[in-house]
2 protein chains.
Amino acid sequence: MPRIVTIRTVAERAGCSIATVSRVINRSAPTSAAVDARVRAAVAELGFRPSEIGRALKTLRTRTLGVVIPSLTNPVFAASVAGMQSAARERQHTLLLTATDYEPGAEAELVETLVAQNVAGLILTVADAAENATLDLLDAEDIPYVLVHNEPPHPGRAAVCVDNAAATFALTETMIAAGHRRIAYLAGRFATSDRARRRHEGYRAAMEKAGLEPEVPLELDYLGDAPSHAEALAGLFRAGAPPTAALCSNDLLALSVVGALRTLGFRVPDDVSVAGFDGIALGGAVHPTLATVDTPTRLMGERAVALLFAMINEGAAPRVEHLPFTLRPGGTLAPTARADQPASQGDRITSSPP
Amino acid sequence: MPRIVTIRTVAERAGCSIATVSRVINRSAPTSAAVDARVRAAVAELGFRPSEIGRALKTLRTRTLGVVIPSLTNPVFAASVAGMQSAARERQHTLLLTATDYEPGAEAELVETLVAQNVAGLILTVADAAENATLDLLDAEDIPYVLVHNEPPHPGRAAVCVDNAAATFALTETMIAAGHRRIAYLAGRFATSDRARRRHEGYRAAMEKAGLEPEVPLELDYLGDAPSHAEALAGLFRAGAPPTAALCSNDLLALSVVGALRTLGFRVPDDVSVAGFDGIALGGAVHPTLATVDTPTRLMGERAVALLFAMINEGAAPRVEHLPFTLRPGGTLAPTARADQPASQGDRITSSPP
DNA sequence: CTGTTAGCGCGTTCAC
DNA sequence: GTGAACGCGCTAACAG
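Computed from a predicted model, the values in this text were never measured in an experiment.

Caption draft 1: Broad picture of the overall build of chain A. The helix and strand tally for chain A stands at 12 helices and 12 strands. Over its C-alpha atoms chain A spans a radius of gyration of 26 Å, topping by over 25% the 20 Å that the globule rule assigns to 354 residues. Counting all 354 residues of chain A, 55% fall into the buried class. Counting only contacts in chain A whose residues sit at least 6 apart along the sequence, the fraction spanning at least 24 positions is 70%. When the accessible surface of chain A is split by element, carbon and sulfur atoms take 53% of a total near 14500 Å². Positive and negative side-chain charges of chain A, numbering 33 and 38 respectively, have mean locations separated by a distance of 10 Å.

The following block contains the structure:
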C-alpha cells in the first residue's frame, strides 16, 4: 500500500467532496455526524496523513522551526537543542537542524536554506549578535527569530541567555575570596564570540575591583589533544610567579585543562584550582567535580521556543530573557594555601531572578 | 521588502516566462546568455530564493532527511547527528530532527510526523530493530531508511553499526588477560535495547570461554545522581568476594561509576578497574583516562547518510554496514594485583576491516 | 532556445 | 451542511 493516499482518495471512499474531508480533519467548519463518521473511517482505513507540503503551500506556513547552532558536539548546544525539540514537539512542531561547525560564513548560508523551507521561525546561536548581516536580513524580511546563548546589545533582538558578565564576575569573586591572586583566564575556540567576550569582561571587572591584574586570555582549542594543551600551559604555569587558579571560558575546556595540568605534574586543586562555565552534566560526574557556573541550557532551549511562539502567534515583541545561573562549587576549586581569608565552600550563589 | 518574491516576480523583472526562470535556476535546460544574465540579475536584486515547498509539492520529494534518536543529551547520539548533518549539508539536504527521550511509543508518532513532511528518507536509532511495527510500516510503504547503532537481525534492513558483541567480547578478554576474574556488568538505562543486549552477549561469551561466571547485569540510570549510583554499587562491591572490575555498557555510565566508586572509597584503577563503551571524547580528557571501546560515532552518521542516498538515488539494496571499532586503553583499566599473567597495556586491538 | 499550460495536495472562498 | 472551483510556487511536458 504505497503512499498515493491523498485527500481525494479519502473523499471518494467517504463519498463526499475534498472540501468536506478538509473540514472534518481541521474542524474548520461544522459537519454532520454522519459524514463526519464516514470520513474518519476512511481516514483510518486508508492510513491517510494530510501532506504537510500541500498544507504549507496553501497557508505559506510550516510547522517547522529552523535551528542554527555552532556545533552539536558541545554538550551545551546539544542540551539546548534537546530542550527546543521537546518544547517544539509539545506544540506539534519539528526542528530543522543545522550547524555551522564554526565555519565563518556558514551562518548566512544556513539561514537562507532554512528560510527557503518556509520555517515558521528561527532559533539561532551566532558568533556575534552585535554586527550580523544575517540577523539584519531576518529583521528586514520580518522573519521571527530568537537567539540563544547570545546577548544582543542591540535591543529589539529576541534572546534567551544568562548574564555572562555577571556570572564570571561572581565566579571570579569566589576565586578571589578563596585566596587566589593570580588567576589565569583560558579561552576556548571561538574566542571572538560575543558571549566569550562578555565572560572575559566579567572576569576583568572582578579582578580590577579587587585591585588585581587581569590576565590576557590564553586561547586554546577545547577538547583538542591534551598533550598540546599541556604544552600551551607549560609556559604559563612553570613561570616565575605562576597562577594558582585558572578560569576557563567553558566546561569542555576546563575538563581538558584539568587533564593537561595533571599531565604537567600539577595536582588539582592542591597546586592549581580550575573553574569552568556552562554546567554540563559531566562536570558533576568526574572527580574531583568541576567548579563551574551552572547555566540552565536545556531550559534555555525550551524558553527560546516559547518566546518564538509568543512572537509568532501573539505578536509578542522581541525581548531579551535572562535566565538565572548558579555558582556550582566543585572539587577543582579550593582555597589557596596562602589564603588571606577562608572561603566558604558550601555556598551556592544564585543570580537574582530575571 | 517582505517575502512575496516568487518565481513570477522574477520573471516579470527579467522580462521572460517563469519556465525560463526555472530553467536558469536549476540548469535544467540550455538558456541564452542574455536571458540568463537578466534572470540572475533579477534574482540577485529581488533576493529571490526558490520555495522548497513549491518545489516539493511538484516533485513530491523534499531535500530533507528525517532523524529519530533516543536523546541528544547522550554525546554518542549527538556525535552521530553531527555526522549526519555534515554529510547531509554536502548534499544540499537538511535534517528534520526528532528525539523520543526514551519514551516508548514515541517512535511511531515521530516517524508519522516525519513521513507527513515527505522526507526523502529516514535515519533512526530505535529501541529494538528486531520487532518493530514502525519499521514494518516503513518497509510496507517503501520509504527508504537506515538504522544507526542498531544491529538488525532481520536482513534487508539497512543499518550502520559496529559489531557490539564482538567489541565487548574483545574488551572482556582484555580485562581477563589483565587478571580480572570477577567482572561486574553494569548496564545503563534502556537496557532492553538490542544493542545493550548484544553487548552483554559478547561479555558473557568471553567470560564463559575463559571458564568464568558471567554476572547478571546491574541496571543503573546513567548520569543519575552519583550518590544513588554509590548506593546501588555499595552492595556489590562491599560483598564478600567483590568484583575487581566493572564493564559498563556505555561511557556516560562508566564515568559516573568511576565517581560513585570513589565516593565509596575505592581507588580506580587500584581497587577496581572500570571500562566503558562508545569512545566519547570526554573519556580521553578525564584523569585517569577511560578505557573503552572506541566507536566511530560521527562517521556512523556520515555513512548512514551516504547509504541512504545510495538507496534513494541509485536504488542500492539495503545492507548492513559494520564499521571498525578500537579498544582504547585507558588509565581506569589496570592489571589486578593477583594477575595470572601481565597484560600488555599498550595494545590497541582493532576489529577486522568491515 | 523560449513560452504556455497542467497539475502536485491542500485550504478556502463562494454558491447552493 | 455541502460541493465546485481556484490558487498557493514550482517543475515538466509540450508547442513553437
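Caption draft 2: Expanded view of the sheet that holds strand β7 (residues 218-219) of chain A. Residues and elements named next belong to chain A. As summarised here, the arrangement of the 4 strands in space is β7-β6-β8-β9, forming an open sheet in which the pairing is parallel. Strands with a single pairing partner mark the edges of an open sheet, and in this sheet they are β7 and β9 (273-275). With 4 bridges connecting them, strand β6 (residues 183-187) and strand β8 (residues 245-248) associate as parallel partners. The partner of Ile183 across the bridge, within β8, is Ala245. Sitting on the sheet, helix α11 (residues 251-263) is in contact with β6, β8 and β9, with an inclination near 160 degrees to β9.

Caption draft 3: Main features of the protein's contact with DNA strand C. Lining the immediate surroundings of DNA strand C are 26 residues, of which Ile7(A), Thr20(B), Arg23(B), Ser32(B) and Lys58(B) lie closest. The sugar-phosphate share of atoms of DNA strand C within 4 Å of the protein amounts to 52%. Within the backbone of Gly54(A), one N or O atom sits 3.3 Å away from a base nitrogen of DNA strand C. Residue Leu57(B) places a main-chain N or O atom 3.3 Å away from a base oxygen belonging to DNA strand C. Within the residue set of the surface near DNA strand C, elements represented by two or more residues are α1 (7-14), α2 (18-26) and α4 (52-59) of chain A together with α2 (18-26) and α4 (52-59) of chain B. Of the residues that constitute the surface near DNA strand C, the class distribution is 12 nonpolar, 9 polar and 5 charged.

Caption draft 4: Broad picture of the UniProt feature "domain: HTH lacI-type" (unreviewed entry) in chain A. Per the UniProt entry, the sites bearing "domain: HTH lacI-type" (unreviewed entry) are residues 5-59 of chain A in this numbering. Secondary structure content for residues 5-59 of chain A is 71% helix and 0% strand, while the C-alpha to C-alpha distance between its ends is 21 Å.

Caption draft 5: View of the relation of the copies chain B and chain A. Each copy superposes on the other: chain B lies on chain A with an RMSD of 0.3 Å after a rotation of 180 degrees and an axial shift of 0.1 Å. The superposition operator between the copies reduces to a two-fold rotation axis. Taking C-alpha positions as reference, the residue of chain B nearest the rotation axis is Leu96(B), located at 2.4 Å. When the interface residues of chain B are mapped onto chain A, 100% of them are again interface residues, pointing to one common binding face.

Caption draft 6: Summary view of the pattern of salt bridges. Going through the model one piece at a time under the given rule, you end up with 43 salt bridges over all chains. Of the charged contacts in the structure, one is a salt bridge between Glu201(A) and Arg198(A), with a shortest N-O distance of 3.5 Å. Taken together, the residues span about one helical turn, with Glu201(A) and Arg198(A) both in helix α9 (residues 194-209) at a distance of 3 residues. Between Glu215(B) and Arg182(B) there is a salt bridge, with the nearest N and O atoms lying 3.1 Å from each other. In this pair, Glu215(B) is assigned in the loop between α9 (194-209) and β7 (218-219) and Arg182(B) in the loop between α8 (164-177) and β6 (183-187), connecting sequence segments 33 residues apart.

Rules used throughout
- Residues numbered from 1 in each chain as written.
- Chains lettered and ligands numbered in written order.
- Predicted model: local features only at pLDDT ≥ 70, side-chain atom pairs only at ≥ 80, totals over all residues.
- Heavy atoms only, no water.
- Helix = DSSP H or I, 4+ residues; strand = E, 2+ residues; numbered from the N terminus.
- Rg over C-alpha atoms; globule rule 2.2 N^0.38 Å.
- Buried < 20%, exposed > 50% of the residue type's maximum accessible area, 1.4 Å probe, protein only.
- Contact = heavy atoms within 4.5 Å.
- Areas by Shrake-Rupley, 256 points an atom, 1.4 Å probe, with all protein chains shown as cover.
- Lys, Arg positive; Asp, Glu negative; His and termini not counted.
- Charge placed at Lys NZ, Arg CZ, Asp CG, Glu CD.
- Pairing = 2+ DSSP bridges.
- Axes fitted to C-alpha atoms, helices over the stretch in contact; angles between N-to-C directions.
- Near = heavy atom within 4 Å.
- Polar contact = N/O pair within 3.5 Å; in protein donor to acceptor, adjacent residues only side chain to side chain.
- Nonpolar A, V, L, I, M, F, W, Y, C, P; charged D, E, K, R; others polar.
- UniProt positions renumbered as here; feature names shortened; annotations may be inferred.
- Least-squares fit on C-alpha atoms with pLDDT ≥ 70 in both.
- Salt bridge = Lys/Arg side-chain N within 4 Å of Asp/Glu carboxyl O.

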